[in-house]
Amino acid sequence: MRLRTVLATTTAALAAATCLSAAGPAAAGADAPQSRACSPSVSLDSFSDVLDKTTFDGTFVGNFSALAVDEDGSLAALEDRSSLFRLDARTLQPESVVPLADEKGAALDSEGLVVDRDGTRLISSETEPSVRRYSTDGHILDRLPVPPSLLVAPAGRATANQTFEGLTLLPGGRTLLASMEYAIAGDSAGIVRFQTWRRTKGGHFGLAAQYAYRTDAGLGVPEVQALPDGRLLVLERGFTSGIGNTVRLYLADPRHATDTSGVEHLTDLTGVTGQDGVRLIKKTLLADLVNCPSLGATAKQPQPNPLLDNIEGMAVTGYSKGRLKVLLVSDDNQNAVQTTRFYRLRVRI
């Protein structure tokens, strides 16, 4: 989403992508490993501003909202103003760009991205919200159903620009999950719904279980990524004018959470369980990125750590024995005081 200052508020593709390297000011560093630690579980390998305020084939390169590893190991990078880029996994340089649109040809507020097992792209938009399937050349192939309550008011109870942000395919490829960014009307503040769909015999997706996740105060969920064991990496993010961004990385487990698709209002939830025995998705903090080393990064606006920006996209680019390679990207909103920045992390879960 285009975060505004009023907010104070997995596996051949992975294996092919483990060589990913984000060149940047930090890439030349020779710091000891401990100097790159963000927390006991997370360390920062490097960052890169190489694509900041650049263009490719007449299209602005930026506004990135999601990342995915494509079948050949390249990166698919979605920008929220209706373009899907293919990036070289080593240099991050754009190789192609495909425009996206809805059924009427209108631009999307595209936020979530999954490369499905047949190579098609599942893309969520905050506008309605929606999830559509696109061919590699940008043609709409399918559209998934959305529960009425998650639609933007007045059709539903969601707030515009606060809907489907994260999108991920769970292990086995049969279940798709989308994360709302903020709570819908009638739910307690900070309780966001994670909607799932199950793949049918015809290859379509039908509505399935829904789960509840509690964010930290004032933060929303811009991205979620499934891990091979069924757990999730969840990004939480917020922005305070004059102070800057808060970005935290959580490990979350939805496997024992209650299906809340039949619960109209999620209120009075305390701890892990709450009203009517509702079990929330359990989460564990991996790192608050404010504690990462800055590695020489600079910021164009106030930030509690100059490394930080409006981080919105995330992809798991490698996995081995509980250790992950994770790539993040910030959405610069095509704003002079924000930066398109890639971050390469190592995460132990």
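Residues take numbers from 1 onward in each chain, read along the sequence in its written order. Side-chain atom pairs in this predicted model are given and counted only at pLDDT of 80 or more, local residue features only at pLDDT of at least 70, and totals for whole chains, interfaces and linings cover all residues. To obtain the side-chain values, all non-hydrogen atoms of the structure were used and water was disregarded.

**A look at the overall build of the protein**
How we decide: Numbering of helices and strands runs from the N terminus; a helix is a DSSP stretch of H or I covering at least four residues, while a strand is a stretch of E covering at least two. Each residue is placed in one exposure class: buried if its accessible area under a 1.4 Å probe, protein chains only, is under 20% of its type's maximum, exposed if it is over 50%, and partly exposed if it falls in between. All accessible-area figures derive from a Shrake-Rupley calculation using a 1.4 Å probe, and residue coverage is judged against the displayed protein chains alone.
Within the protein one finds 1 helix and 22 strands. Within the protein, the fraction of its 349 residues that count as buried is 58%. When the accessible area of the protein is evaluated, it comes to approximately 13400 Å², of which 52% is carbon and sulfur surface.

**Examining the nonpolar core**
What tends to happen in soluble globular proteins is that the nonpolar side chains get buried as a cluster. The cut-off we apply is this: To qualify as a nonpolar core, a set must consist of buried Ala, Val, Leu, Ile, Met, Phe, Trp, Tyr and Cys residues joined through side-chain atoms within 4.5 Å. Note on contacts: a residue pair is in contact if any heavy atoms of the two residues lie within 4.5 Å.
Of all hydrophobic cores here, the largest spans 27 residues; its most connected members are Leu233, Leu249, Leu289 and Leu328. Listed by contribution, the elements that provide at least two residues to this core are β1 (42-48), β17 (232-240), β18 (244-253), β19 (282-288), β20 (311-320), β21 (323-330) and β22 (342-348). Apart from the residues within four sequence positions on either side, Leu289 is in contact with Val247, Leu249, Asn305, Leu308, Ile311 and Leu328. Membership of the second largest hydrophobic core comes to 16 residues, among which are Leu170, Leu177, Ala209 and Val234.

**Considerations on the sheet that holds β21**
Applicable threshold: Paired strands are those between which DSSP finds at least two bridges. In this analysis, axes come from line fits to C-alpha atoms, helices being fitted only over the stretch in contact, and the angle between any two N-to-C directions falls in the range 0 to 180 degrees.
As summarised here, the arrangement of the 4 strands in space is β1-β22-β21-β20, forming an open sheet in which the pairing is antiparallel. A strand with exactly one partner marks an edge of an open sheet, and here the two such strands are β1 and β20. Along the sheet, successive strands turn relative to each other by an average axial angle of 20°, direction set aside. Direction of pairing for β20 relative to β21: antiparallel, over a ladder of 8 bridges. Residue Ile311 lies in a different strand from β21, and its bridge partner there is Ser330.

**Remarks on the pattern of salt bridges**
For clarity, the threshold we go by: We count a salt bridge whenever a side-chain nitrogen from Lys or Arg sits within 4 Å of a carboxyl oxygen from Asp or Glu.
Scanning the model with the defined rule gives 27 salt bridges in all. Residue Glu128 is joined to Arg132 by a salt bridge in which the shortest nitrogen-to-oxygen separation is 2.9 Å. Residue Glu128 is classed as partly exposed on the basis of its relative accessible area, which comes to 22%. The salt bridge involving Arg193 is made with Asp187; its shortest N-O contact spans 2.7 Å. An identical accessibility class is assigned to Arg193 and Asp187; each is buried. Members of the salt-bridge network, linked through shared partners, are Asp216, Glu236, Arg248, Lys283 and Asp288.

**So, the layout of surface pockets**
Our working definition: In this analysis, the protein atoms alone were mapped onto a 1 Å grid. Cavities are point sets where a 1.4 Å probe fits without being able to get out; pockets are open sets with protein on both sides within 12 Å along at least five of seven lines; lining residues have an atom within 4 Å of a point. Grid points are joined across faces, edges and corners, and a volume is the space filled by probe spheres set on the points. We call Asp, Glu, Lys and Arg charged. Ala, Val, Leu, Ile, Met, Phe, Trp, Tyr, Cys and Pro are nonpolar, and the rest, Gly among them, are polar.
In this structure, the second largest pocket encloses a volume near 180 Å³. Every residue along the wall of the second largest pocket is listed here: Ala37, Ser39, Pro40, Ser41, Val42, Ser43, Arg323, Leu324, Lys325, Arg346, Val347 and Arg348. The residue makeup of the lining of the second largest pocket, split by class, is 5 nonpolar, 3 polar and 4 charged.

**Some thoughts on the side chain of Asp331**
For clarity, the cut-off: For the purpose of charge, His is not counted, nor are the chain termini; Lys and Arg are scored as positive and Asp and Glu as negative. We define a polar contact as two N or O atoms separated by no more than 3.5 Å, with the added condition that, inside protein, one atom must be a possible hydrogen donor and the other a possible acceptor, whereas residues neighbouring each other in sequence contribute only through side-chain atom pairs.
The residue Asp331 is located in the loop between β21 and β22 in this model. Buried within the structure, Asp331 lacks any salt-bridge partner; Arg237 is the closest side chain of opposite charge, at an N-O distance of 5.9 Å. From its side chain, Asp331 meets the backbone nitrogen of Asn333 in a polar contact 2.8 Å long.

**A word on the environment of Val290**
The residue Val290 is located in the loop between β19 and β20 in this model. Given a relative accessible area of 28%, Val290 falls into the partly exposed group. As a C-alpha pair, Val290 and Val247 span 43 residues in sequence and 7.2 Å in three-dimensional space. With residues near it in sequence (within four places) discarded, Val290 still touches Pro304, Asn305 and Leu308.

**Notes on the sheet that holds strand β10 (residues 130-134)**
Here we have 4 strands laid out as an open sheet, ordered β8-β9-β10-β11, and antiparallel in their pairing. In this open sheet, the two strands that pair with only one neighbour each are β8 (110-115) and β11 (140-143). When the angles between neighbouring strand axes are averaged without regard to direction, this sheet yields 25°. Pairing of strand β9 (residues 121-125) with β10, which is carried by 5 bridges, proceeds in the antiparallel orientation. Counterpart to Arg121 in the pairing with β10 is Tyr134.

**Focus: the pairing of β22**
Buried residues dominate β22, accounting for 5 of its 7 residues. In this structure, β1 lies alongside β22, joined through 6 bridges in antiparallel fashion. In the sheet register, Phe47 faces β22, and the bridge partner there is Tyr343. The pairing of β21 with β22 spans 7 bridges and is antiparallel. By the bridge assignment, Leu328 is partnered in β22 with Tyr343.

**Observations concerning the confidence of the model for the protein**
Rule in force here: Known as pLDDT, the predictor's confidence for each residue is given on a scale from 0 to 100.
Taken residue by residue, the protein gives an average pLDDT of 90. The fraction at 70 or more is 88%. Every residue in residues 3-34 is under pLDDT 50, and counting partners more than four places away or in other chains gives 71 contacts.

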